[in-house]
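Results of the structural survey
One letter stands for each residue in the lines below.
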Amino acid sequence: MQVSIQVNGTDQSHDVEDRTLLVHFLREACGLTGTNIGCDSSSCGACTVHVNGEAVKSCTLLAAQIAGDDVTTIEGLADQARAAGTSTGDADWHPMQESFHQCHALQCGYCTPGMVMAAVSLLDEVPTPTEAEVREGLEGNLCRCTGYHNIVKAVLEASGGAQ
Amino acid sequence: MIPAAFEYKRAASAEEALALLAEHGDEAKLLAGGHSLIPLMKYRLAAPSVLIDIGRLTDLSYVNDGGDHLAVGALTRHRDVEINDLVGAQAPLLAAATRHVGDPQVRHRGTLGGSLVHGDPASDLPSVMLAMGATMVVTGPNGPREIGADDFFTGFLETAVNEDELLTEIRVPKMPDAGYSFQKFNRRAQDWAIVGCAVVVNDGQAGVGLVNMDSRPVRAAAVEAAVASGASPSEAADAAAVDVDPPADLNATVEFRQHLARVLTRRGLEEATA
Ligand SMILES: Cc1cc2nc3c(=O)[nH]c(=O)nc-3n(C[C@H](O)[C@H](O)[C@H](O)COP(=O)(O)OP(=O)(O)OC[C@H]3O[C@@H](n4cnc5c(N)ncnc54)[C@H](O)[C@@H]3O)c2cc1C
Ligand code: FES
Ligand code: FES
């Protein structure tokens, strides 16, 4: 079937099988490999992207379900911030990306795209969270390297609410 | 993991969804948020040949004041229930339990109706429906009918909703002044409950629904009767594992579940009556 999705502001229309998962649509049909597949079973959050601004797990959605919606992936986040005039830092990134960079909120980086997307969605819903709210708000994202401390710090920094 | 091949159809209205169900019979499955069904299909535990997507039926996503109850559309997503002011004021137990469902990403897509029709004894929200005495409205070829929570959950992953029917609305009695508590025991954030319980106490009457204590979502009737006859929370909670048949699995033995049910029910009753 033909599936059309606005991905990072660009119309992506591809002929895919009905059973194509959103994550495969993004990685294989659109060539956007920033979105990772970790567990492939809805648990780890590595595949987190935004659908109409909300964090979702793209391994647990069909591309067909999302046809007609707006998707943002990690590749589109900085452009979104640039358009909104909120980008920051030497590389002109999204504030959350810059904050992850400044706080060294990653080691291997595998969880990072999903973690950043989930964190942006969290601050959208809770603009100045407490540390506990950050930890709970990221419960859908697993990191096997960092022990989470610098990730939590980065999200608090980005919210302007760091201790 | 990729689901077995199927044909995807998006229903534009409840009528169209029912017509597609009638046309495709038991080959077809409704897809709401997909957060129970798609994982099952990826594991090939379900392999419908037609998927009827009802996720866009926004006219079935609402929370309305129905007089003595709140009318919640079956396609209302967990996140929308969680932050709804009417739910917070009139059925705070439902809001509290919904916050425990999965993680934010899951709550952005999963629906209340999907969670109930899935009929999983480990799900959080059926226990709330039992505790609060909710009524489910389903519609099919012969028009709408109402099913009380006690008659709704009929077995493991089985409900009273027939294959040609659609759950459209959940009617939750308003209980603005009731004491309530939702207790969930698990080992990791985001996980399903090893055991959980939903408690409301209104005018000395308790409603208690248990999570993961039988092959289907069940009410702790013996606890409710004990509260009605004046037992204290700890006395009443002793009956939490009476007449239920909990599963044993990697997380817990039968005895551990029985123990958890008593402890969580006591905590729930204490919090609800504090
Ligand atoms: C990682 C993860 C963690 C989770 N953790 C929890 C948890 O802790 N607690 C918890 O309670 N749940 C949890 N869930 C499940 C989640 O709540 C699901 O959203 C919910 O169980 C199903 O809702 P859905 O809208 O996604 O339904 P779907 O998956 O779309 O459908 C489920 C079933 O119901 C049927 N159906 C759906 N809507 C209707 C309708 N209106 N009428 C008739 N039939 C219908 C479908 O045909 C299907 O058989 C979790 C899910 C995931 C992926
Ligand atoms: S790959 Fe989607 S949640 Fe792990
Ligand atoms: S940095 Fe390696 S998994 Fe998070």
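Residues numbered from 1 in each chain as written. Chains lettered and ligands numbered in written order. Predicted model: local features only at pLDDT ≥ 70, side-chain atom pairs only at ≥ 80, totals over all residues. Heavy atoms only, no water.

**Quick word on a negative patch on the surface**
Residue and element names in this part refer to chain B. Cut-off, in case you're wondering: Within the patch definition used here, like charges are joined within 9 Å and nonpolar side chains (Val, Leu, Ile, Met, Phe, Trp, Tyr) within 5 Å, considering only residues with over 30% relative accessible area and no salt bridge. Accessible surface area values rest on a Shrake-Rupley calculation with a 1.4 Å probe, where residue burial reflects the displayed protein chains alone. By convention in these notes, a salt bridge is any Lys or Arg side-chain nitrogen within 4 Å of a carboxyl oxygen on Asp or Glu. We treat Lys and Arg as the positive residues and Asp and Glu as the negative residues; His and chain ends play no part in the count. Just so you know, the charge point we use is NZ for Lys, CZ for Arg, CG for Asp and CD for Glu. A run of H or I in DSSP counts as a helix once it spans at least four residues, and a run of E counts as a strand once it spans at least two, with each numbered from the N terminus. Think of it in three bands: with a 1.4 Å probe and only protein chains considered, a residue is buried below 20% of the maximum accessible area for its type, exposed above 50%, and partly exposed in between.
Where like charges cluster on the molecular surface, the negative patch consists of Asp26, Glu27, Glu163 and Asp164. Structurally, Glu163 can be placed in the loop between β9 (158-159) and β10 (166-173). A relative accessible area of 60% means that Glu163 is categorised as exposed.

**Comments concerning the environment of B:Leu112**
All names here are of chain B. Where we set the bar: Two residues form a contact once any of their heavy atoms are found within 4.5 Å.
With respect to the secondary-structure elements, Leu112 resides in helix α7 (residues 112-118). Relative accessible area serves as the criterion here: at 1%, Leu112 is assigned to the buried category. Put simply, Leu112 and Val208 are 96 residues apart on the chain and 19 Å apart in space, counted from C-alpha to C-alpha. Apart from residues lying up to four places away in sequence, Leu112 is in contact with Val72, Ala74, Thr76, His78, Leu125, Met129 and Ile170.

**A word on the sheet that holds strand β2 (residues 10-15) of chain A**
All names here are of chain A. Rules: For two strands to be treated as a pair, DSSP must find at least two bridges joining them. Lines fitted to C-alpha atoms define the axes here, with helix axes fitted over just the stretch in contact, and angles between the N-to-C directions of these axes take values from 0 to 180 degrees.
Overall, mixed pairing links the five strands, which are arranged β2-β1-β5-β3-β4 in an open sheet. Pairing within the sheet leaves two strands with one partner each, and these edge strands are β2 and β4 (54-57). For this sheet, the mean inter-axis angle between neighbouring strands, taken without regard to orientation, is 40 degrees. With respect to the sheet, helix α1 (residues 22-29) is in contact with β1 (2-7), β2, β3 (48-51) and β5 (70-72), its orientation differing from that of β1 by roughly 80 degrees.

**Some points on the site of ligand 1**
To be explicit about the condition: In these notes, residues near a molecule or strand are those with any non-hydrogen atom within 4 Å of it. Whenever a nitrogen or oxygen atom comes within 3.5 Å of another N or O atom, the pair is scored as a polar contact, on the condition that within protein one atom can donate a hydrogen and the other can accept it, and that pairs from neighbouring residues in sequence are kept only if both atoms are in side chains.
Around ligand 1 lies a shell of 32 residues, among which B:Leu30, B:Gly34, B:His35, B:Ser36 and B:Thr111 are the nearest. Near ligand 1, residues from chains A and B are present, making the site a shared one. Taking B:His35, its main chain carries an N or O atom lying 2.7 Å from an oxygen atom of ligand 1. In the model, a nitrogen atom of ligand 1 is placed 2.8 Å from a nitrogen or oxygen of the B:Leu167 main chain. A total of 970 Å² of accessible area belongs to ligand 1 in isolation, and the protein chains cover 96% of it. Broken down by secondary-structure element, the contributors of at least two residues to the shell around ligand 1 are β2 (28-31), α7 and β10 of chain B. Top element by residues in the shell around ligand 1 is α7(B). It accounts for four residues.

**Some thoughts on the nonpolar core**
The nonpolar side chains of a soluble globular protein tend to be buried, and buried together. Residues and elements named next belong to chain B. Selection criterion: The set of buried Ala, Val, Leu, Ile, Met, Phe, Trp, Tyr and Cys residues whose side-chain atoms join them within 4.5 Å is what this entry labels a nonpolar core.
Of all hydrophobic cores here, the largest spans 55 residues; its most connected members are Leu94, Leu116, Val128, Met129, Met136 and Ile170. Setting aside anything within four residues of it in sequence, one finds Met136 in contact with Leu116, Met129, Arg145, Glu146, Ile147, Ala149, Phe152, Leu167, Glu169 and Ile170. Counting 25 residues, the second largest nonpolar core, distinct from the first, contains Val195, Ala220, Val227 and Ala236.

**Describing the sheet that holds strand β1 (residues 7-10) of chain B**
All names here are of chain B. If you walk across this open sheet you meet the three strands as β1-β3-β2, and the pairing is parallel. Taken across any chain shown, the strands that pair with only one partner, and hence form the sheet edges, are β1 and β2. Taking each pair of neighbouring strands and ignoring which way they run, the sheet shows an average axis angle of 25 degrees. Note that β1 and strand β3 (residues 50-53) share four bridges and pair parallel. Looking at β3, one finds that Glu7 is bridged to Val50. Across the sheet, helix α1 (residues 14-24) lies against β1, β2 and β3, angled at about 170 degrees from β3, the strand it touches most.

**Thoughts on the interface of chain B and chain A**
The parts lose accessible area when they come together, and the size of an interface is often stated as this lost area. Inclusion rule: Buried area is understood as the total, over both parts, of accessible area removed when two parts are fitted together, assessed with a 1.4 Å probe. Gly is put with the polar residues, along with every residue not named as nonpolar or charged; the nonpolar set is Ala, Val, Leu, Ile, Met, Phe, Trp, Tyr, Cys and Pro, and the charged set is Asp, Glu, Lys and Arg.
Listed per partner, the contact involves 33 residues of chain B and 32 residues of chain A. Carbon and sulfur atoms supply 50% of the area that chain B and chain A bury against each other, a total of about 2,600 Å² over both sides. Sorting the residues of chain B by area buried against chain A places B:Gln105, B:His108 and B:Arg109 first, and these three jointly supply 24% of that buried surface. The interface formed by chain B and chain A includes five salt bridges. Its salt-bridge partner being B:Lys42, residue A:Asp40 comes within 2.8 Å of it at the nearest N-O pair. Summed over the shared surface of chain B and chain A, the result is 17 residue pairs in polar contact (both at pLDDT 80 or more). Mapped by element, the contributors of at least two residues to the side of chain B that touches chain A are β1, α2 (37-42), β3 and α6 (104-109) of chain B. Here the element with the most residues in the side of chain B that touches chain A is α6(B); it accounts for five residues. Of the residues belonging to the side of chain B that touches chain A, the class tally is 15 nonpolar, seven polar and eleven charged.

Honestly, it's all geometry; don't read function into it.
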